[in-house]
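Overview (structure and organization)
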Amino acid sequence: MRSKVADFVTKHGLLSPEGIHLVALSGGADSVALLLVLKQLDYRIEAVHCNFHLRGEESNRDEAFVKSLCQQQDIPIHLIHFDTKEYASTHQVSIEMAARQLRYQYFEQLRQDIGAETICIAHHRNDAVETLLMNLMRGAGIHGLTGIHPKNGAVVRPLLGVTRQDIEDYLHHQDQSYVTDSTNLQPDVLRNKIRLQLLPLFERIYPGSMGNIARSAHYLSESEKVYHAEISREIAQWQAIDATRYTINSAQLTSAPSPLSLLYELLTPLGFNRTQVERILTSLEGESGRVFTSPTHTLVIDRQSIIVEPICEPMKPLIIPEPGLYRFDETAQIRVEQVDKETGISYDPLIATLDASQVRFPLTLRTTQEGDRFQPFGMKGKKLVSDFLTDQKLNILEKRRQLVLTDASGTILWLVGLRIAEPFRVTDATSVCLRLTTLTPRGAGRVLK
């Protein structure tokens, strides 16, 4: 047992000889074995026990047992009590999730407080097999079929190389007792059903099946490394405006070996679920303009591209009572000034020059609204702003954040950055110009907030 654990720890680089390592000690066979093995391997360890007060006297029995064990072994122990039911009710989560959140939050805080390097959890090979089977039943992808990983941040699992039988044999040889959680003996939840009913059936049908499943998880874990390397290489070729905003060429995506995997790995960190990803991929062959949303992002299929951007708060209208410099979001400004005709004309798209005599203050800078119409420069009649933006090949997201400047009557003077309105153009009769300059950071696709 000690040899297996020592080899596994060394192979995966889990523990340093000089560091302090917290051991999550429930009092059950697995955690007791972990505590004793790490002590016998001369690691500097301290125990931590959580009393969730979910099993009445049994919870208190467990606490008394771990205190006595640590006293016998001369191992420091940290104890904490939780009102788990109250936490679950307050945070609207299950009891199981509440206990998990409370446990790991406390472990991490304690680790930082005492300067420990790791939090050692007593998951073993059987647990990894159970997790794989649970995820398989739920339709998981490659990530869910790799079992439990030896290391996740500061959390390490030194017992993943041994079985539950190894642990029981070791404790028997050490003449060491442990406590049993009675809830683990009832086949009432999925994990217990797998542990108590399914795995024994597998072993009867095909002896050694649990070890074979564990090896399959290991092979998948190795394959996962190749998978991630290829996914990262493919995603790096896409146009990333920043870590959360992308423009994806549809043809490039669909020509990849696995478009679904690529899209899934990109979009799930942005809040899209697997069903949405599948629908997005199917929609590439349909009509342009379909929109999908996650809690944090909006995705639009625009002709030959998929565009993903964070959801932003709509910009509040900015009232401009007189010439001056005005800020309309955290980084963008608009300058309104009167200039003479000779110096007023500019061909910069971010500068508009109007006949000042035709403009009535106050002006309003806002995003487009349904039904907006204006008379584009050079045209005789009015046109829907939405149609004009479509002619300019703007996608839905760009249309939503397109700015317009209106005068006191609500008439559109300028589609910012695109076109001024014909009635306000500079003519031979113009003597004074109104020059409007938008000052924005450089870079495409800025989201106004």
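This write-up is about the structure you can find in this document. (Residues numbered from 1 in each chain as written. Predicted model: local features only at pLDDT ≥ 70, side-chain atom pairs only at ≥ 80, totals over all residues. Heavy atoms only, no water.)

1. A few points about the packing of helix 6 (residues 125–137) against helix 9 (residues 209–236)
Packed helices, taken two at a time, are described by the angle between their axes plus the distance between the axes. Convention followed: Orientation is described by axes fitted as lines to C-alpha atoms, over the contacting stretch for helices, and by angles from 0 to 180 degrees between their N-to-C directions. Runs of E in the DSSP output that reach at least two residues are strands. Runs of H or I that reach at least four are helices, and both are numbered from the N terminus. In these notes the angle categories are as follows: under 35 degrees is roughly parallel, over 145 is roughly antiparallel, 65 to 115 is roughly perpendicular, and the rest is oblique. In what follows, residue pairs with any heavy atoms lying within 4.5 Å of each other are defined as contacts.
Contact geometry for helix 6 and helix 9: axes closest at 9 Å, N-to-C directions at 70 degrees. With respect to helix 9, the element helix 6 is oriented roughly perpendicular. Packed against helix 6, whose contacting residues are R125, N126, V129, L132 and L133, the element helix 9 presents M210, I213, A214 and A217 at the interface.

2. Some remarks on the sheet that holds strand 20 (residues 412–415)
Basically, it comes down to this: Paired strands are those between which DSSP finds at least two bridges.
The sheet built from five strands is open, its strands ordered 12-16-19-20-21 with antiparallel pairing. Two strands bound the open sheet, and with one partner strand each, they are strand 12 (318–320) and strand 21 (419–420). Pairing analysis gives three bridges linking strand 12 to strand 16 (residues 363–367), with the strands arranged antiparallel. Paired with L318 across the strands is L365, a residue of strand 16.

3. Overview of the state of the cysteines
Heads up, the rule is: In this description, a disulfide is simply a cysteine sulfur pair whose atoms lie within 2.5 Å. Only protein chains enter the accessibility calculation, which uses a 1.4 Å probe; a residue is then buried when its area is under 20% of its type maximum, exposed when over 50%, and partly exposed in between.
A complete count under the given rule lists zero disulfides for this structure. Of all cysteine sulfurs in the structure, the one in C70 sits closest to C50, which takes part in no disulfide; the separation is 13 Å. Of the residues examined, C50 reaches a relative accessible area of 12% and is grouped as buried. Not engaged in a disulfide, the cysteine C120 finds its nearest cysteine sulfur in C70; these two sulfurs lie 13 Å apart.

4. Focus on the sheet that holds strand 6 (residues 155–156)
Spatially, the six strands line up as an open sheet ordered 3-2-1-4-6-5, and their pairing is mixed. The open sheet is flanked by strand 3 (77–81) and strand 5 (151–152), the only strands paired with a single partner. The pairing of strand 5 with strand 6 spans two bridges and is classified as antiparallel. Considered in strand 6, the bridge of K151 is made with V156. Of the strands in this sheet, strand 1 (20–24), strand 2 (44–51) and strand 4 (118–120) are in contact with helix 2 (residues 29–40), which crosses strand 1 at around 160 degrees.

5. Remarks on the packing of helix 2 against helix 7 (residues 164–174)
The criterion, for reference: If you view the pair so one helix is near and one far, a crossing is left-handed when the near helix is turned anticlockwise from the far one by less than a right angle, and right-handed when it is turned clockwise. Side-chain classes are defined by residue name, with Ala, Val, Leu, Ile, Met, Phe, Trp, Tyr, Cys and Pro counting as nonpolar, Asp, Glu, Lys and Arg as charged, and the others, Gly among them, as polar.
Orientation of helix 2 relative to helix 7, taken along the N-to-C sense of each, is 65 degrees, at an axis distance of 10 Å. Pair helix 2 / helix 7 crosses with left-handed handedness. Across from A29, D30, V32, A33, L36, V37 and Q40 in helix 2, the residues of helix 7 making contact are R164, I167, Y170, L171 and Q174. Looking at the contact of helix 2 with helix 7, its residues break down into eight nonpolar, two polar and two charged.

6. A closer look at the nonpolar core
The condition that has to hold: Nonpolar cores were defined as sets of buried Ala, Val, Leu, Ile, Met, Phe, Trp, Tyr and Cys residues, with membership established by side-chain atoms within 4.5 Å.
One finds L15, L25, L35, L38 and L171 to be the most contacted residues of the largest nonpolar core, which totals 35 residues. Looking at this core, the elements that each hand over two or more residues are helix 1 (2–12), helix 2, strand 2, helix 3 (57–73) and helix 7. Counting residues per element, this core draws most heavily on helix 2, which supplies eight residues. Once residues within four sequence positions are removed from consideration, L171 is found in contact with A29, V32, A33, L36, Q176 and Y178.

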